[in-house]
Amino acid sequence: MSSYEQNNVFARILRGELPCKKVYEDEFALAFHDINPLAPVHVLVIPKGEYVSNADFAAAAPPELIVGFWRAVAKIAKDLGLDSSGYRLVANHGAQSGQSVFHFHVHIFGGKMMPHDMTKLPGAAAKG
Ligand code: DGP
């Protein structure tokens, strides 16, 4: 995968150059509502660091950032009231996943029953 692009949209949100509907922020993570929600609750969580995707984050981020980030994801889902009803986490990596923003991020989906059949996800194409 290519190297980190400093002007990707999430980098610009992190720097405060673009607005977002903020849900949560701490020293490790920023969370905000997805601009194109695919579920009643659709929040994106991004780490405070320059990582292209999960592979880059797992390999290159300091351990305290990895722990802090994932604890923030769990806290945000809980604070959104999703713990008892349940929620889905998605992190796209690379072309075949459909990743479109190349700053590592986790989607939190909640507020409705999630289909197990991935071809039934909104926007999914059933290609081989
Ligand atoms: P992915 O396909 O996993 O790379 O998801 C990127 C998501 O980012 C997609 O669901 C739409 C969302 N998105 C793209 N641009 C913006 C933006 O400027 N603001 C917000 N809040 N979300 C954005």
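About the thresholds
- Residues numbered from 1 in each chain as written.
- Predicted model: local features only at pLDDT ≥ 70, side-chain atom pairs only at ≥ 80, totals over all residues.
- Heavy atoms only, no water.
- Core = buried A, V, L, I, M, F, W, Y, C linked by side-chain atoms within 4.5 Å.
- Buried < 20%, exposed > 50% of the residue type's maximum accessible area, 1.4 Å probe, protein only.
- Contact = heavy atoms within 4.5 Å.
- Salt bridge = Lys/Arg side-chain N within 4 Å of Asp/Glu carboxyl O.
- Helix = DSSP H or I, 4+ residues; strand = E, 2+ residues; numbered from the N terminus.
- Near = heavy atom within 4 Å.
- Polar contact = N/O pair within 3.5 Å; in protein donor to acceptor, adjacent residues only side chain to side chain.
- Areas by Shrake-Rupley, 256 points an atom, 1.4 Å probe, with all protein chains shown as cover.

Engineer: Would you mind going over the nonpolar core with me for this structure?
Structural biologist: Side chains that are nonpolar tend, in soluble globular proteins, to be buried together. Ranked by size, the top nonpolar core spans 19 residues in total, and within it Val43, Val45, Phe57, Phe69, Ile76 and Ile108 carry the most contacts. Every residue in contact with phenylalanine 57, bar those within four places of it in the chain, is listed here: Pro47, Tyr51, Leu65, Ile66, Phe69, Trp70 and Phe104. Ranked by size, the runner-up nonpolar core spans 7 residues in total, among them Phe10, Leu30, Phe32 and Ile46.

Engineer: Explanation requested: the pattern of salt bridges in the structure shown.
Structural biologist: A side chain of one charge can pair with a side chain of the opposite charge when the charged atoms of the two come close. Considering all chains together, one arrives at 5 salt bridges under this definition. A salt bridge links arginine 15 to glutamate 17; its shortest N-O distance comes to 2.8 Å. The salt bridge involving lysine 75 is made with aspartate 79; its shortest N-O contact spans 3.0 Å. Of this pair, lysine 75 and aspartate 79 both sit in helix α3 (residues 63-79), 4 residues apart, which is roughly one turn of that helix. By sharing partners, the salt bridges in this structure join Arg12, Arg15 and Glu17 into a single network.

Engineer: Help me understand the site of the ligand, please; the structure alone is not making it clear to me.
Structural biologist: Around the ligand lies a shell of 15 residues, among which Asp34, Asn92, Ser100, His105 and His107 are the nearest. Note that an oxygen atom of the ligand is positioned 3.1 Å from one of the backbone N or O atoms of glycine 98. For the ligand, an oxygen atom lies 2.7 Å from a polar atom in the backbone of serine 100. Within the complex, 82% of the 510 Å² of free accessible area of the ligand lies under protein.

Engineer: Please explain the environment of isoleucine 35 as it appears in this structure.
Structural biologist: Structurally, isoleucine 35 can be placed in the loop between β2 (29-33) and β3 (41-47). When the C-alpha atoms of isoleucine 35 and glycine 94 are compared, they prove to be 20 Å apart, with 59 residues separating the residues in sequence.

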